[in-house]
Amino acid sequence: MNYFDSELKAIKRANRFRHRKLYDDTLTDFASNDFLGLAQNKTIAKKSANCFLKQHNYGSKSSMIVNGYHDIHHKLEKLLCRTNGFESGIIVGSGFLANISLFESMARRGDMLVVDESYHASGMMASRLSRAKVEIFAHNNTAQLERILRQNHNTHKRKIVAIEGVYSMSGDMANPDIYDICNRYEAILIVDEAHSSGVVGENLNGWFDYNNLKIKSNHIKMATFGKAYGSYGAYILGSRQLISYLENRAKPVIYSTALSLFDTIYAYYSIKHIQKNKQKIRDKIKQIQATTKEILGINMPALILPINQSSNRATIQAQNKLQKAGFAVGAIRQPTVKTPIIRIIPKINIKLAKLKVVLDIIKNI
Ligand SMILES: Cc1ncc(COP(=O)(O)O)c(C=O)c1O
């Protein structure tokens, strides 16, 4: 029996068919989220391997709540709290699990969850697991967000707002006014910093850092190790009470094996590397942003460059053209985005000359 025949045919007809491919190493990678090239950093890899071999256990063995919590998890959590100015933090298996942990456990019956329409699929899915009233506001529309919070100010117990620091597909930043609006309405603010951590801000810590925002007890930062940090996994930072609550209520924290020790160690050394080299990294990012502005006239606030396409077919053709020239780029279509884009990630470890070639091809398509 072909149980999924008609669905797969419909996806193909719409030019939305996806499949995993083995990555062709000969292509220059403008497609992944390895913004700083740290997934290819031999020094970090060697340090991590040496540290890993010195551990007592090589696997994390169980959930953090049983006995899967290791020294290295604790050390990384402390480093993250210190560098980001949060009271407490917890490492989670992945960004997907972190969003499920937050949305499902925090937003209970009688609460309200207000989410930007461009929030990551993991948050959107998790909002459907929540018993709270869920409202979606138009992307970065602060007037609509404020209206929702005002109208529901006295009718809902906890009000939770969820945004991304830098949006994964459009590459733009969350409006900093959201910080004030949430404070005014005593709302909890969750910021998914998957694409802003390591890329924006004076200390490359992300959106809070970029906007110089004071961290208070209603602020939560969630970010991943799978992007700028070149590893895998995620973390949540917040008040001591929030982290204790997650240890008691968040199912992916309680019922899922702790993040692998190697990934944790790799993230630790990546963060140390970023701290040590932040001036150089910031300069390189600025140079890339200036080049993009010069060639395409586009302001790119972080390291995500979306190029709008007229159709799914045109998107795939553009991707193929760039691939033939030796470059891997993302061809992002619905349902990930409303209208298709070529998504270019100008990683800082790629020579500027190559970026210029890609941008010139894009200009001429
Ligand atoms: C904004 C955002 N949040 C969460 C995630 C999920 O993170 P992870 O890949 O660690 O599960 C992603 C990953 O693609 C993302 O882009």
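Procedures and definitions
Residues numbered from 1 in each chain as written. Predicted model: local features only at pLDDT ≥ 70, side-chain atom pairs only at ≥ 80, totals over all residues. Helix = DSSP H or I, 4+ residues; strand = E, 2+ residues; numbered from the N terminus. Rg over C-alpha atoms; globule rule 2.2 N^0.38 Å. Buried ≥ 20, exposed ≤ 12 C-beta atoms within 10 Å, placed from the backbone. Contact = placed C-beta atoms within 7 Å. Near = placed C-beta within 6 Å. Nonpolar A, V, L, I, M, F, W, Y, C, P; charged D, E, K, R; others polar. Axes fitted to C-alpha atoms, helices over the stretch in contact; angles between N-to-C directions. Parallel < 35°, antiparallel > 145°, perpendicular 65-115°, else oblique. Left-handed = near helix turned anticlockwise from the far one by under 90°. Pairing = 2+ DSSP bridges. Domains from an automatic or database assignment. Core = buried A, V, L, I, M, F, W, Y, C linked by C-beta atoms within 7 Å.

## What to know about the overall build of the chain
Scanning the chain from N- to C-terminus turns up 14 helices and 12 strands. Rg of the C-alpha trace for the chain: 21 Å, near the compact-globule value of 21 Å for 365 residues, within the 12% margin. Over its C-alpha atoms, taken along the principal directions, the chain stretches across nearly 55 × 55 × 55 Å. Counting all 365 residues of the chain, 46% fall into the buried class. In the chain, once contacts between residues fewer than 6 apart in sequence are set aside, the share between residues at least 24 apart is 73%.

## A closer look at the site of the ligand
The environment of the ligand is formed by 14 residues, the closest being S94, G95, F96, H120 and A194. Broken down by element, the residue count for the shell around the ligand peaks at 3 residues, all from helix α4 (residues 95-106). For the shell around the ligand, the per-class residue count stands at 3 nonpolar, 9 polar and 2 charged.

## Focus: the packing of α4 against helix α5 (residues 121-129)
For the pair α4 and α5, the least separation of the axes is 8 Å and the interaxial angle reads 30°. When the axes of α4 and α5 are compared, the pair comes out roughly parallel. Once α4 is placed against α5, the crossing between them reads as right-handed. On the side of α4, the interface is formed by G95, F96, N99, I100, F103 and E104, while α5 contributes S122, G123, A126, S127 and L129. For the contact of α4 with α5, a count of residues per class yields 5 nonpolar, 5 polar and 1 charged.

## Structural notes on the pairing of strand β8 (residues 234-238)
Summarising burial for β8: 5 of the 5 residues are buried, a large majority. Of the two faces of β8, the one holding A234, I236 and G238 and the one holding Y235 and L237 are both buried throughout. Across 5 bridges, the pairing between strand β2 (residues 88-92) and β8 is antiparallel. For I91, the partnering residue across the bridge sits in β8 and is Y235. For strand β7 (residues 219-224) and β8, the ladder comprises 4 bridges, and the chain directions are antiparallel. Looking at β8, one finds that T224 is bridged to A234.

## Concerning the domain arrangement of the chain
The assigned domain composition of the chain is domain 1 (5-30 + 277-364) and domain 2 (56-275). Inter-centroid distance (C-alpha atoms) of domain 1 to domain 2 is 26 Å. Taken together, the contact between domain 1 and domain 2 spans 17 residues of the former and 16 residues of the latter. Mapped onto the side of domain 1 that touches domain 2, the elements with two or more residues apiece are α12 (278-296), β9 (305-308) and β12 (341-344). Its residues assigned to classes, the side of domain 1 that touches domain 2 comprises 12 nonpolar, 2 polar and 3 charged.

## Quick look at the sheet that holds β12
Strand order in the open sheet formed by 3 strands is β9-β12-β11, with antiparallel pairing between adjacent strands. Either end of the sheet is taken by a strand with one partner, and the two such strands are β9 and β11 (330-332). The average undirected angle you get between the axes of adjacent strands in this sheet is 30°. Summarising the sheet, β9 and β12 pair through 4 bridges and their orientation is antiparallel. Directly across from P306, in β12, lies its bridge partner R343.

## Overview of the sheet that holds strand β5 (residues 159-164)
The strands that make up a sheet pair up through hydrogen bonds in the backbone, lying either parallel or antiparallel. A sheet is described by the order of its strands in space; here 7 strands give the open sequence β2-β8-β7-β6-β5-β3-β4, paired in mixed fashion. Of all the strands in the sheet, just β2 and β4 (133-137) have a single pairing partner and so form its edges. The mean inter-strand angle of the sheet, taken between neighbouring strand axes irrespective of direction, is 20°. Contacts between α5 and the sheet are confined to β3 (112-116), β4, β5 and β6 (188-192), with β3 contributing the most and set at about 160° to the helix.

## Structural notes on the nonpolar core
By size, the foremost hydrophobic cluster in this structure holds 104 residues, and its most contacted members are V161, L189, I190, I220 and I236. Here the element with the most residues in this core is helix α11 (residues 261-276); it accounts for 8 residues. Taken domain by domain, this core gets at least three of its residues from each of domain 1 (5-30 + 277-364) and domain 2 (56-275). Look past the residues within four positions of I236 in its chain and what remains in contact with it is G89, I90, V92, A98, S101, L102, I220, M222 and L246.

## Concerning the environment of T43
Residue placement: T43 occurs in helix α2 (residues 42-53). Under the C-beta neighbour-count criterion, T43 is labelled exposed, with 10 such atoms within 10 Å.

## Side note on the packing of α2 against α11
The interhelical angle for the contact between α2 and α11, taken along N-to-C directions, is 135°, at an axis separation of 9 Å. Here α11 runs oblique to α2, going by the angle between their axes. Crossing angle aside, the handedness with which α2 passes α11 is right-handed. Counted together, I44, K47, S48, C51 and F52 of α2 and L261, F262, I265, Y266, Y269, S270 and H273 of α11 form the full contact between these two elements.

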